There are 2 protein chains.
Amino acid sequence: MRKLNFNAGPATLPESVLQEAARAVLEYKDTGISILELSHRSKEFADIVAESKLLVKELCGLDDSYEVVWMHGGGRMQFAMIPMNFASEHNAAGYIDSGHWSEEALEYAAFYGDVQILATSKDDNYSRLPHWPSSVPDRLAYLHFTTNNTICGTQWHHIPATNVPLIADMSSDIFSMRHNYTNYSLFYAAAQKNVGAAGVALVVIRKDMLKRIVRPLPPMLNYKQQAHENSILNTANVSGVYTSLLMLRWIKEKGIDAIEKENKEKAALLYDALDNSKTFTPTVTERSHRSLMNVCFTADTPEHEKEFLALCAQNNITGIKGHRSVGGFRASLYNAIPLAAVEKLVQLIKTNP
Amino acid sequence: MRKLNFNAGPATLPESVLQEAARAVLEYKDTGISILELSHRSKEFADIVAESKLLVKELCGLDDSYEVVWMHGGGRMQFAMIPMNFASEHNAAGYIDSGHWSEEALEYAAFYGDVQILATSKDDNYSRLPHWPSSVPDRLAYLHFTTNNTICGTQWHHIPATNVPLIADMSSDIFSMRHNYTNYSLFYAAAQKNVGAAGVALVVIRKDMLKRIVRPLPPMLNYKQQAHENSILNTANVSGVYTSLLMLRWIKEKGIDAIEKENKEKAALLYDALDNSKTFTPTVTERSHRSLMNVCFTADTPEHEKEFLALCAQNNITGIKGHRSVGGFRASLYNAIPLAAVEKLVQLIKTNP
């Protein structure tokens, strides 16, 4: 029986995507070859890449001033590649530190360049967003931030314009709502939350950034060469990119507006139950900072925590434990989590009033 | 109908592996979750990693002085990571240049350190192996070479002992024969030829190498931290690692001795047909340099080349074209290519006498 899986990533995929992905493992279309055997230089894979790039641009409202690239290495490789390409001792990079992943990104950057932390909510244990910096030094190579913070459950719902190239880690909320993607000079997402399965990262980069690379780098680590090689600079994760294409088709069919509406509904339902519960408390008290993607909460006693975990398990619910660094609970409500799963969870929350 | 696929990689996988991989996409074991949704921090994935590491060590005859790590980024990320970790201006690295991939590896190395090419067969268009260097400077950080050269079809069948750490790119012949893996301080393989599907690389490193890292590096690019994090330094390519585990089980069940015997049989059959053909000529004339994995050959006229490609297509054979940089034909005979497929190919070769 299929579980209701609230894991923060790798996360739930739609049943229809899984069916099609499984079919492709046996045979991709009528090629006589599995997607796991398909050459990255085949016509079939070129078509997969082309369609996925078109869909990304369409869903993000981007024109040809942007390049779309599928890469290996997940989000963390981007933590390294961004400063490697754009920051140095003489090219300081700005970071907004709103949670674990922002912090790790800036730690990676410090290996390659001067790092300026322009805002942080570390002293609040990241339970709220920091204040967006009121001014950003003009000479910064870029300003990096994380749109949604999976571990502590905060999300930027308004992104101010900036005077330097803005770079966003959108791993956990890409394609989850209408969004002005043209704010960014570069944005990226590890696929295993809203775009597919683990093992690929989606990187979208504005072409003018490719002129700003500050040091010689081998092709695999060089955005310019990656962008020019159409996602096959090396052997692509063919099946991973295909799974992402299936997700993109699913998103397009459903429509971003409908997805946003449902995501808001799901989050409202859960936060409302938590706000009205005597047993459970949402971790983020500032409502305008709350994430629609990752709802974090705690129980009033360790016994209630244990009981609730057991209750969830009895009711076929999994992936509800908070991140090991903070404990408590976390329900991740990515696009593929159906409203019915959230209703079930809310029903269980209400049994502990 | 399933094709006879002689592609050089991504390459053919055994039917049983595909069946099990497809089943896992629908549901991994009885978890109620797809392998594409399975958390890299789950008990289930920890078991997959543990079993795969044990199998790699067993199949390679390695003890606990080696670490086995699944990484993102394919072989090319290793081209970058090896010199990044071990070479510098003051720590020269030695390279043996026996083909396209060796050459690319040393080009990557030049971004990070002093590179010494100790042997090359570039002037022979890599149609033979270079002479293994008679002496290697003691002070080299390491000596890198490629055990099997996929594009031109040569393979080292005897690896001399060396006085510096030996590093091998085994992407195209790992697990294909008995081999003294303890020769190496580090060896690696992009999975999509003999170990699974595209999107993961297998890296095996002797622990003493972890003390020789020459520069500060962020965790993703640092072998020491990768080795300490048990293949989940970041979100692993869960399904990719699982496909590799399925391949490792298949290899173990068949047995390396049986695999080697069959690989020799397959290659002998094909080379023999080519050596006795008036239409086709094997590219590598020095028999002791010939690859058992990639058999490269040409036709006497462009017309015969075209005819043979058409004949293969009519007979359900695919992936037989030579690498775009050299042309002609290439039949890749990795472990999962059945003897019967090679017999079929040989039969077609014999129809053009």
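Thresholds applied
- Residues numbered from 1 in each chain as written.
- Chains lettered and ligands numbered in written order.
- Predicted model: local features only at pLDDT ≥ 70, side-chain atom pairs only at ≥ 80, totals over all residues.
- Heavy atoms only, no water.
- Core = buried A, V, L, I, M, F, W, Y, C linked by side-chain atoms within 4.5 Å.
- Buried < 20%, exposed > 50% of the residue type's maximum accessible area, 1.4 Å probe, protein only.
- Contact = heavy atoms within 4.5 Å.
- Buried area = accessible area lost by both parts, 1.4 Å probe.
- Salt bridge = Lys/Arg side-chain N within 4 Å of Asp/Glu carboxyl O.
- Phe/Tyr/Trp six-rings, centres within 6.5 Å; stacked < 30°, edge-to-face > 60°.
- Helix = DSSP H or I, 4+ residues; strand = E, 2+ residues; numbered from the N terminus.
- Pairing = 2+ DSSP bridges.
- Least-squares fit on C-alpha atoms with pLDDT ≥ 70 in both.
- Domains from an automatic or database assignment.
- Expected span 1.5 Å × (residues − 1).
- Arc of directions from axis to C-beta.
- Axes fitted to C-alpha atoms, helices over the stretch in contact; angles between N-to-C directions.
- Parallel < 35°, antiparallel > 145°, perpendicular 65-115°, else oblique.
- Left-handed = near helix turned anticlockwise from the far one by under 90°.

**Q** Lay out the nonpolar core with the relevant residues and their values.
**A** Membership of the largest hydrophobic core comes to 129 residues, with the highest contact counts inside it found for A:Ile35, A:Phe175, A:Phe187, B:Ile35, B:Phe175 and B:Phe187. With residues near it in sequence (within four places) discarded, A:Ile35 still touches A:Ala24, A:Val25, A:Tyr28, A:Ile48, A:Val238, A:Ser239 and A:Tyr242. Judged by nonpolar contacts, the second largest core, of 64 residues, contains A:Met209, A:Ala227, B:Ala87 and B:Tyr223.

**Q** Requested: an account of the interface of chain B and chain A, with residues and values cited.
**A** Facing 56 residues of chain B, the contacting portion of chain A comprises 56 residues. Carbon and sulfur atoms make up 62% of the surface buried where chain B meets chain A, a total of about 4400 Å² over both sides. The three residues of chain B that bury the most area against chain A are B:Pro10, B:Leu36 and B:Glu37, which together make up 14% of that side's buried surface. Linking chain B with chain A are two salt bridges. Notably, a salt bridge pairs B:Glu37 with A:Arg2, separated by 2.6 Å at the nearest N-O pair.

**Q** Summarise the packing of aromatic side chains; cite the residues concerned and give the values.
**A** The final tally for this structure, using the stated rule, is 36 aromatic pairs over all chains. With 6.1 Å between their ring centres and 75° between their planes, B:Phe280 and B:Phe329 make a pair best called edge-to-face. Residue B:Phe280 is located in strand β11 (residues 280-282), and its partner B:Phe329 is located in strand β14 (residues 329-332); the two are separated by 49 residues in the primary sequence. Judged by relative accessible area, B:Phe329 falls into the buried class, the value being 1%. Both rings, one in B:Phe297 and one in B:Phe308, keep their centres 6.4 Å apart while their planes meet at 70°; by these two values the pair is edge-to-face. Here B:Phe308 lies in helix α8 (residues 302-314) and B:Phe297 lies in strand β12 (residues 294-299), a separation of eleven residues in the sequence. The same class applies to B:Phe297 and to B:Phe308, which are both buried. Members of the aromatic cluster, each reached through a chain of ring pairs, are A:Trp132, A:Phe145, A:Trp156, A:Tyr181, A:Tyr184 and A:Phe187.

**Q** Outline the pairing of strand β8 (residues 166-169) of chain A, listing residues and values.
**A** Residue and element names in this part refer to chain A. The two faces of β8 match: Leu166 and Ala168 on one face and Ile167 and Asp169 on the other face are all buried. Sheet topology places β8 next to strand β9 (residues 186-190); three bridges connect them, and they run parallel. Its bridge partner being in β9, Ile167 is matched across the sheet by Leu186.

**Q** Describe the relation of the copies chain B and chain A, and please don't skip the residues or the numbers.
**A** Superposing chain B onto chain A takes a rotation of 180° plus a shift of 0.0 Å along the axis, which leaves an RMSD of 0.0 Å. Overall, the copies show the geometry of a two-fold rotation axis. Rotation axis and chain B: the residue whose C-alpha lies nearest the axis is B:Ala22, separated from it by 2.3 Å. Comparing interface residues between copies, 100% of those in chain B also lie at the interface in chain A; the contact surface is shared.

**Q** Any details on the domain arrangement of chain A? Residues and values, ideally.
**A** Interfaces are often described in size by the accessible area the parts lose on coming together. All names here are of chain A. According to the domain assignment, chain A consists of domain 1 (15-254) and domain 2 (255-351). The straight-line distance from the C-alpha centre of domain 1 to that of domain 2 is 26 Å. The interface is formed by 27 residues belonging to domain 1 together with 27 residues belonging to domain 2. With both chains or domains summed, domain 1 and domain 2 bury close to 2300 Å², and 55% of this area falls on carbon and sulfur atoms. Sorting the residues of domain 1 by area buried against domain 2 places Ile151, Arg178 and Lys254 first, and these three jointly supply 25% of that buried surface.

**Q** Hey, could you go over helix α9 (residues 339-351) of chain B for me, with residue numbers and the actual values?
**A** All names here are of chain B. In this model, α9 (13 residues) spans 19 Å end to end at C-alpha, consistent with the 18 Å of a helix rising 1.5 Å per residue. Within α9, burial applies to Ala341, Val342, Leu345, Val346, Leu348 and Ile349. Burial along α9 is one-sided: seen end-on, the buried residues are contained in an arc of 160°. Structural note: α9 exposes Ala340 and Lys350 on the side pointing more than 90 degrees away from its buried face.

**Q** Outline the sheet that holds strand β8 (residues 166-169) of chain B, supporting the account with residue identities and numerical values.
**A** Residues and elements named next belong to chain B. With mixed pairing, seven strands are arranged side by side in an open sheet as β2-β10-β9-β8-β5-β3-β4. The sheet is open, and its two borders are formed by β2 (66-71) and β4 (115-120), each paired with just one other strand. Within the sheet, the average angular offset between the axes of one strand and its neighbour, ignoring direction, is 20°. Relative to strand β10 (residues 201-206), strand β9 (residues 186-190) runs antiparallel, the two being bridged by five bridges. Across the sheet, residue Ala190 finds its bridge partner in β10, namely Ala201. Against the sheet, helix α2 (residues 43-60) touches β2, β9 and β10, its axis set at about 125° to β2.

**Q** Please provide a residue-by-residue account of the sheet that holds β12(B), values included.
**A** Residue and element names in this part refer to chain B. Strand order across the open sheet formed by three strands is β11-β12-β14, with antiparallel pairing between neighbours. For this open sheet the edge positions go to β11 and β14, each flanked by a neighbour on one side alone. Put simply, the sheet's adjacent strands are angled 30° from each other on average, direction ignored. Across the sheet, helix α7 (residues 256-275) lies against β11, β12 and β14, angled at about 20° from β12, the strand it touches most.

**Q** Describe the packing of helix α3 (residues 74-86) of chain A against helix α4 (residues 100-109) of chain A, listing the residues and the values that go with them.
**A** Residues and elements named next belong to chain A. Interhelical geometry of α3 versus α4 gives an angle of 40° and a closest axis separation of 8 Å. Viewed along their axes, α3 and α4 adopt a mutual orientation that is oblique. Where α3 crosses over α4, the two elements pack in a sense that is right-handed. On α4, the residues touching Arg76, Phe79, Ala80 and Pro83 of α3 are Trp101, Glu104, Ala105, Tyr108 and Ala109.

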